[in-house]
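# Close look at the chain arrangement
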Amino acid sequence: MTELVGDANVLIAGLFSAKRKDHADFMDRLAAEVTEAGGRVVRRFVQRRGISGRKKGRAPGGAANMDRPYSARTLMSTGKVNEIAEACSETRAAAVVFVNDLTGRQRAALTEILGCPALSCSDLSRPPGLSSAG
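Conventions adopted
- Residues numbered from 1 in each chain as written.
- Predicted model: local features only at pLDDT ≥ 70, side-chain atom pairs only at ≥ 80, totals over all residues.
- Heavy atoms only, no water.
- Helix = DSSP H or I, 4+ residues; strand = E, 2+ residues; numbered from the N terminus.
- Buried < 20%, exposed > 50% of the residue type's maximum accessible area, 1.4 Å probe, protein only.
- Contact = heavy atoms within 4.5 Å.
- Areas by Shrake-Rupley, 256 points an atom, 1.4 Å probe, with all protein chains shown as cover.
- Phe/Tyr/Trp six-rings, centres within 6.5 Å; stacked < 30°, edge-to-face > 60°.
- Lys NZ or Arg CZ within 6 Å of the ring centre and 35° of its normal.
- Pairing = 2+ DSSP bridges.
- Axes fitted to C-alpha atoms, helices over the stretch in contact; angles between N-to-C directions.
- pLDDT = per-residue confidence, 0-100.
- Salt bridge = Lys/Arg side-chain N within 4 Å of Asp/Glu carboxyl O.

## Comments concerning the overall build of the chain
- A tally of regular secondary structure across the chain gives five helices and four strands.
- Taken across its 134 residues, the chain has 40% of its residues classed as buried.
- Put simply, 64% of the contacts in the chain that link residues at least 6 apart link residues at least 24 apart.
- Here the chain has roughly 7400 Å² of accessible surface; of this, 50% comes from carbon and sulfur atoms.

## Some remarks on the packing of aromatic side chains
- Scanning the entire structure with this criterion turns up one aromatic pair.
- The cationic tip of Arg 29 hangs over the ring face of Phe 26; the distance from NZ or CZ to the ring centre is 4.7 Å.

## Digging into the sheet that holds strand 2 (residues 40-49)
- Across the sheet, four strands lie side by side as 2-1-3-4; this open sheet has parallel pairing. If you trace the sheet from one side to the other, it starts and ends with strand 2 and strand 4 (118-120), each paired once. For this sheet, the mean angle separating the axes of adjacent strands, direction not counted, is 25 degrees.
- Contacts between helix 3 (residues 78-91) and the sheet are confined to strand 1 (9-17), strand 2 and strand 3 (95-98), with strand 2 contributing the most and set at about 175 degrees to the helix.

## Considerations on the pairing of strand 3
- Side chains of strand 3 alternate between two faces, with Ala 95 and Val 97 and Val 96 and Phe 98 buried alike.
- Pairing of strand 1 with strand 3 involves four bridges; the strand directions are parallel. Bridge pairing in strand 3 links Ile 12 to Val 97.
- In this sheet, strand 4 lies alongside strand 3 in parallel orientation, the contact comprising three bridges. Opposite Val 97, over in strand 4, you have Leu 119 as the bridge partner.

## Concerning unusual backbone geometry
- Positive phi, close to 50 degrees, is recorded for Asp 7, a residue that is not glycine.
- One can find Asp 7 in the loop between helix 1 (2-5) and strand 1.
- Looking at Asp 7, the relative accessible area reads 63%, which means it is exposed.
- The phi angle at Arg 92 is positive, at roughly 55 degrees, despite the residue not being glycine.
- Mapped onto the secondary structure, Arg 92 falls in the loop between helix 3 and strand 3.

## Here's the deal with the confidence of the model for the chain
- Residues with a pLDDT of 70 or more make up 78% of the chain, whose mean pLDDT is 84.
- Segment residues 127-134 is flagged for pLDDT under 50; beyond a separation of four residues in sequence, or across chains, it makes eleven contacts in the model.

## Some points on the pattern of salt bridges
- For the coordinates displayed, the defined rule picks out six salt bridges.
- Among the salt bridges present, the one from Arg 43 reaches Glu 90, with a minimum N-O distance of 3.0 Å. Highlighted residues: Arg 43 in strand 2 and Glu 90 in helix 3, separated in sequence by 47 residues.
- Residue Arg 43 is classed as partly exposed on the basis of its relative accessible area of 32%.
- Under the relative-accessibility criterion, Glu 90 is labelled partly exposed at 48%.
- As a salt-bridge pair, Arg 107 and Asp 123 come within 2.7 Å of each other at their nearest N and O atoms. Of this pair, Arg 107 sits in helix 4 (residues 104-114) while Asp 123 sits in helix 5 (residues 121-125); the two residues are 16 residues apart in sequence, bridging distant segments of the chain.
- By relative accessible area, which is 15% here, Arg 107 ends up buried.

Shown next as structure tokens:
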């Protein structure tokens, strides 16, 4: 997978719980991995899963969902995915590398929406020929 990011514009993205205060460190480490693989990080996208109060009735609010993806299909919210897709087009990005592990379904959906391959950070360190789980 490193051949996708070598000598190319790359976007990085991550979904983090609002509890996680060190999200910038994760993004910096991912940027360093992309750079080490020969890529140029041209934009970063962070989505925080915030805390909200209880919804109407007895359903728990955002606090109960802080560690879950916004979407089983795309990991992040529709608005954030659309924002990343627009940046892919503007920067002619060769790939988007996510801090988060992606399922096969998420990888396929994001690749279609973004117009370029969606990768997990683990793809950068995986030996060639191995596919990701999911």
